[in-house]
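# Results of the structural survey
In case you want the letters, here they are:
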Amino acid sequence: FNDRLDQEIKKSDRSGLPLALLFLDLDRFKEVNDSLGHIRGDDLLEITAQRLNECTRESDTVARLGGDEFTIILSSLENSSNVYRVLESILSSVEQPFQLEHERAYVTASIGVTFYPSDASNAEELIKNADQAMYAAKNAGRNQTSFFTKNMQQASEARTRLANELYQALEKKQIWVAYQPIVELQTGRIIKAEALARWSHPELGEISPGEFIPVAEETGMIVDIGFWVIETALKQLQYWLHEKTLREDFTLAINLSPSQLTDQFLAKKVKNLLNVYQIPASHVEFEITESNLISGEWASEALQKISDLGVKVAVDDFGTGYSSLSHLKDYTIDVIKIDRSFVERIELTKPRQLFTAICAFSHSLEYETVAEGIETDIHDAICKEVGVTRLQGYYYSKPLPVTAFESQYFYAS
């Protein structure tokens, strides 16, 4: 591929005709690989390669860089509109079902596009630009294309700096855990708390989880950070249980990332921590976002093993994923957390009807129901009318440092 790209750049210099470099990554390929096995995953990659060849000219180059990443060189472009036709053809072809022996799988593609010589002066820059554009396509929702811009380069440089700083953040004790209260509808007392990772950087200040969590996911650092949060939160829970007067029904909720769910020893690690810190499993709850419920058999097995320990399992951001209802039956679920997007405009008729319907659904299946994003007295009042049993949001409290949470919880208790 590198040799071909160098040749095409030289050809472009001679002819004056531009070339396009496409960087393609398969969306949700890892889930197919994990759930159906590597042999079926390899089959899917072979079929993808065939489809990509069918979408391009003989003079173009299709290459697989590794994993589920492909690159395509569209050379000697007399008309840039040809690129759009190729992109449409690729997206349409990849999203068709893959018949893998007795199983049928579905994936889509995120494609980054860059041009020579307008976007870059050499092969290395060109590849970097296409990669950045591909990530922009993924972040925009997947199954689409994105063309490189200079803003992407700046954003990539900022992300790289953030990743470099994040590598040292745990060691330098910049990561800490905040606790956000969850209150009981009937009494208004704090009966749960959610443990949330926070990052205080000495130069950059407080870095939003919306910024550093995606970087941690991309780099794989989320596994170390996630486990550190679990251990830190459980250690704190031990202190509350043995040194303070903690209510018997108090639960501490901790988030799990998709990467953590792929750890086959996760349940054993959790069990070990519960034993070390002498914590009854009934005081602990793990949250997984709804969109990750459909991430293959490994997610279901991991959550089942955690549930078998006596730990509760919660579905976070409920209502924002897809195919959720058909997948709930495959999981041991105790708690539904209704996403804040359903609460934001709850005073309007349609959003309120939808919110009410989700609550009724959750209640009918006897799930504990938590409404997230409660920020106003109107949100609070309507949630109480509908009968949500648990409420979480800034109306009650922001996520708090441990000392502030202790003052609020133990004083209120």
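Please read all numbers here as calculations on a predicted model, not as lab measurements.

### Topic: the confidence of the model for the protein
Overall, the predicted model of the protein reaches an average pLDDT of 89, with 95% of residues at or above 70. Element-level mean pLDDT values for the protein span from 61 in helix H12 (residues 324-328) up to 97 in strand E3 (residues 69-74).

### Quick notes on the nonpolar core
By size, the foremost hydrophobic cluster in this structure holds 72 residues, and its most contacted members are Leu166, Leu234, Phe250 and Phe355. Here this core gets 8 residues from one element, more than from any other, and that element is helix H8 (residues 222-243). Those residues within four positions of Leu234 in sequence are excluded, and the remaining contacts are Ile254, Leu273, Leu274, Tyr277, Ile279 and Val284. By size, the runner-up hydrophobic cluster in this structure holds 28 residues, among which are Leu45, Leu74, Val94 and Ala109.

### Description of the packing of helix H13 (residues 349-364) against helix H14 (residues 377-386)
Between H13 and H14, whose axes approach to 10 Å, the crossing angle comes to 45°. When the interaxial angle is binned, H13 and H14 end up oblique. Judged by the twist between their axes, the crossing of H13 over H14 is right-handed. Across the interface between the two elements, Arg352, Phe355, Thr356, Cys359 and His363 of H13 pack against Ile382, Cys383, Glu385 and Val386 of H14. Split by residue class, the contact of H13 with H14 holds 5 nonpolar, 2 polar and 2 charged.

### Some details on the packing of helix H1 (residues 2-15) against helix H5 (residues 123-139)
Contact geometry of H1 with H5 gives a least axis separation of 10 Å together with a crossing angle of 110°. As judged from the angle between their axes, H1 and H5 are roughly perpendicular. Classified by chirality, the crossing of H5 by H1 is right-handed. Side by side, H1 and H5 meet where Asn2, Leu5, Asp6 and Ile9 of the first sit next to Ala123, Leu126 and Ile127 of the second. Among the residues forming the contact of H1 with H5, the class breakdown is 5 nonpolar, 1 polar and 1 charged.

The rules behind the values
Residues numbered from 1 in each chain as written. Predicted model: local features only at pLDDT ≥ 70, side-chain atom pairs only at ≥ 80, totals over all residues. Heavy atoms only, no water. pLDDT = per-residue confidence, 0-100. Helix = DSSP H or I, 4+ residues; strand = E, 2+ residues; numbered from the N terminus. Core = buried A, V, L, I, M, F, W, Y, C linked by side-chain atoms within 4.5 Å. Buried < 20%, exposed > 50% of the residue type's maximum accessible area, 1.4 Å probe, protein only. Contact = heavy atoms within 4.5 Å. Axes fitted to C-alpha atoms, helices over the stretch in contact; angles between N-to-C directions. Parallel < 35°, antiparallel > 145°, perpendicular 65-115°, else oblique. Left-handed = near helix turned anticlockwise from the far one by under 90°. Nonpolar A, V, L, I, M, F, W, Y, C, P; charged D, E, K, R; others polar.

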